[in-house]
Amino acid sequence: MRKRLEKIIYELNISLVERGSHTRLALLTALAGENMILVGPPGTAKSEISRRVAEVFDTKYFEYLLTKFTTPEELFGPVSIRELEKDNFRRKTDGYLSDANIVFLDEIFKSNSSILNSLLTILNEKVYHNGNLKEKTDIYSIISASNELPTDSGELMALYDRFLLRVIVDYVKEPSKLLLLEDRYRGISEELKLNKDILEDIARESKKIEIPHHIAEIILNLKEKLDEHFKDEITSKIREKVSDRKLVKSIGLLKTSAYTNGRDSVNISDTLLLIHCYWNRMENRDVIKKYIFEEIIKLTNKDLENYGNISQVWSEEFNGLFRKQRIDENGNPLYYDVDNNLVKFSYGDIHLMDKYGEYVHYKGHAEYVKVLAELGNFDYGYIDSGIATENGKIVWKYECSPVEVVTSAERELEGYERLVVKGNLKPAKIESYEEYIKAYNVVSPSLIPRMEGIRRNIEEEIRDIRKISNYLDKVRQSLMIENLWVIGDDMEELQALVEKTYEGMNASLLKLEEVLGKIDRAKISAER
């Protein structure tokens, strides 16, 4: 069956540009016995898609453009005069909508209320009320098109809800392809066409398809998230809620997808079809997709951020064990002087920085000193010699802390060799395990219990990440198997997200294992 469907899909898309996903979804809709609406501007091949899909089946096809003036007779047939003579209200339905197998209704939301009620039962139950008779129809699928969606919660919303799939059709992204387009479509080959027996076989066998636990979990969690997300929709007349009917029908769609792909169970790629099922307003399509992606990878954006930072968190925790001020062999605290040498005194010549991070001066003999504009106030230290401008001349004077430098220029220091700033020196702090080992060569045994505590936490994190990584690898492998019905941007975006997340998880594993390696080396050093 799959090979046959692949050939059908190929022929369906001959001389169509950027409509591969739309024709596939329309065909799947018909195979699943469901209904689909194509939403988009005029001239985007919506009716052509429907006509081509109808040619796949050895069936009757009915097509009509609806307006507010369309009468029931135009869709369902004229009233039978012969039946009227018997006091029976009957329509002659041969060749009309209820007699067809594939139906295309253009601009369906422009229909009037006299048609809506009949369409509702046909869409939902495949039953036509012909007078006082309920006639079972042989309609496989109704495909509709509209330039716009309903904006209220009345009759049109009830009609809209009967369409399980909602597919957006836009203008071609690369119009240059249309310039070279040749009409080579000659219809569907007779040997490929599907008859009623094949459709019944697909419907029967699709019911046997299994829904694995992890797939059921994705679907139910998605419904719960969407119900929660849209629970406060007070101002909108169009409610975004996954009804029980839509949930059941969408599962049937996934089963049909799995069966026609030659599988005995639904997989991850099938769940992407839900992107076309669970939205009512176009702007919410991306919301649905976001939640589906989160459920597929089992991680929210916040989770991804946390796992990306987890190695840094534990690396900081480990380095925090060694973060301290350096001391000499007698236990005296050490400081860095202006030349970055270790000294025992905490007060002396310092590099003073302005608010831009620029040095005001450098220690040592110099012929010039750079003093920047608007340096601001300093909180400590004093300046032995300063410069100020008075009547255009350079003069020197003493300033006590805080010091405000108000001039800007490179000034020649006549008669003076340097400008000295006194202040508190920077403590010689150790910030990491590497700096600690470089300073002391060995680790204090008192740190071993705390290192072991960090090790246990990291090992637990590693187990969790490996579990997620193994799951993502299975998802990757699943998405590598082509799904007949799921192509295009949504699939590519999911594949890229899964790959990026998988690589990120493995990168976090490596970094956490590096921290474990440091703990091992530190422990060996402490036990010497």
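To keep things clear, this report deals only with the structure shown in the data block. The structure displayed is predicted, hence computed values, not measured ones.

Considerations on the overall build of the chain
Across its full length, the chain holds 17 helices and 18 strands. Every one of the 528 residues in the chain was classed for burial, and the buried ones make up 47%. Taking the intrachain contacts of the chain between residues at least 6 apart in sequence as the baseline, contacts between residues at least 24 apart amount to 74%.

Looking at the side chain of Thr260
Inspection of the secondary structure assignment puts Thr260 in helix 11 (residues 244-260). Exposure remark for Thr260: the relative accessible area of 0% places this residue in the buried category. Polar contacts involving the side chain of Thr260 include one to the side chain of Trp485, which spans 2.8 Å. Leave out the neighbours within four places in its chain, and Thr260 touches Arg2, Leu5, Leu28, Leu31, Ile202, Leu484 and Trp485.

Let's talk about the environment of Met491
Turning to its location among the elements, Met491 is positioned in helix 17 (residues 489-527). Separated by 222 residues in the primary sequence, Met491 and Ser269 have C-alpha atoms spaced 7.9 Å apart.

What about the nonpolar core?
Grouped together as the largest cluster of nonpolar side chains are 126 residues, with contacts concentrated most on Leu27, Phe57, Leu97, Tyr278, Phe322 and Met451. Of all the elements, helix 17 adds the most residues to this core, at 12 residues.

Some thoughts on helix 14 (residues 301-320)
In this model helix 14 runs 28 Å from its N-terminal to its C-terminal C-alpha over 20 residues, within 8% of the 28 Å that 1.5 Å per residue would give. Asn309 marks the point of greatest bend in helix 14, at about 40°. Residues Tyr307, Ile310, Ser311, Trp314, Ser315, Phe318 and Asn319 constitute the buried set of helix 14. Packed against the buried residues of helix 14 are helix 15 (433-440), helix 16 (448-480) and helix 17.

Quick look at a nonpolar patch on the surface
Judged by side-chain polarity, Ile81, Leu84 and Phe89 come together as a nonpolar surface patch covering roughly 290 Å² of accessible area. Along the chain, the position of Ile81 falls in helix 5 (residues 81-84). Judged by relative accessible area, Ile81 falls into the exposed class, the value being 56%.

Some details on the sheet that holds strand 17 (residues 426-427)
Pairing in this open sheet of three strands is antiparallel, and the strands run 10-9-17 from one edge to the other. Edge positions in the sheet fall to strand 10 (342-343) and strand 17, since each has one partner strand and no second. With two bridges connecting them, strand 9 (residues 335-336) and strand 10 associate as antiparallel partners. Bridge assignment links Tyr335 to a residue of strand 10, and that residue is Val343.

Comments concerning the pairing of strand 4 (residues 127-130)
Of the pairings in the sheet, the one linking strand 4 to strand 5 (residues 133-136) comprises four bridges and is antiparallel in character. Considered in strand 5, the bridge of His129 is made with Lys134. In this structure, the hairpin formed by strand 4 and strand 5 is closed by a connection of two residues, where Gly131 is found at a positive phi of approximately 65°.

Looking at the pattern of salt bridges
Per the counting criterion, the structure on display carries 38 salt bridges. A salt bridge links Lys225 to Glu295; its shortest N-O distance comes to 2.9 Å. Separated by 70 residues along the polypeptide, Lys225 in helix 10 (residues 213-229) and Glu295 in helix 13 (residues 285-297) bring together distant segments of the chain. Between Glu513 and Arg466 there is a salt bridge whose closest N-O contact spans 2.8 Å.

Re the sheet that holds strand 2 (residues 61-65)
Overall, parallel pairing links the five strands, which are arranged 2-3-6-1-7 in an open sheet. Lying at the two open borders of the sheet, with one neighbouring strand each, are strand 2 and strand 7 (165-168). Adjacent strand axes in the sheet meet at a mean angle of 15° when their direction is disregarded. Direction of pairing for strand 1 (residues 36-39) relative to strand 7: parallel, over a ladder of four bridges. Considered in strand 7, the bridge of Met36 is made with Leu165.

Rules behind the numbers
- Residues numbered from 1 in each chain as written.
- Predicted model: local features only at pLDDT ≥ 70, side-chain atom pairs only at ≥ 80, totals over all residues.
- Heavy atoms only, no water.
- Helix = DSSP H or I, 4+ residues; strand = E, 2+ residues; numbered from the N terminus.
- Buried < 20%, exposed > 50% of the residue type's maximum accessible area, 1.4 Å probe, protein only.
- Contact = heavy atoms within 4.5 Å.
- Polar contact = N/O pair within 3.5 Å; in protein donor to acceptor, adjacent residues only side chain to side chain.
- Core = buried A, V, L, I, M, F, W, Y, C linked by side-chain atoms within 4.5 Å.
- Expected span 1.5 Å × (residues − 1).
- Bend = angle between axes of the 7 residues up to and from the residue.
- Patch = residues over 30% accessible without salt bridge, like charges linked within 9 Å, V, L, I, M, F, W, Y side chains within 5 Å.
- Areas by Shrake-Rupley, 256 points an atom, 1.4 Å probe, with all protein chains shown as cover.
- Salt bridge = Lys/Arg side-chain N within 4 Å of Asp/Glu carboxyl O.
- Pairing = 2+ DSSP bridges.
- Axes fitted to C-alpha atoms, helices over the stretch in contact; angles between N-to-C directions.

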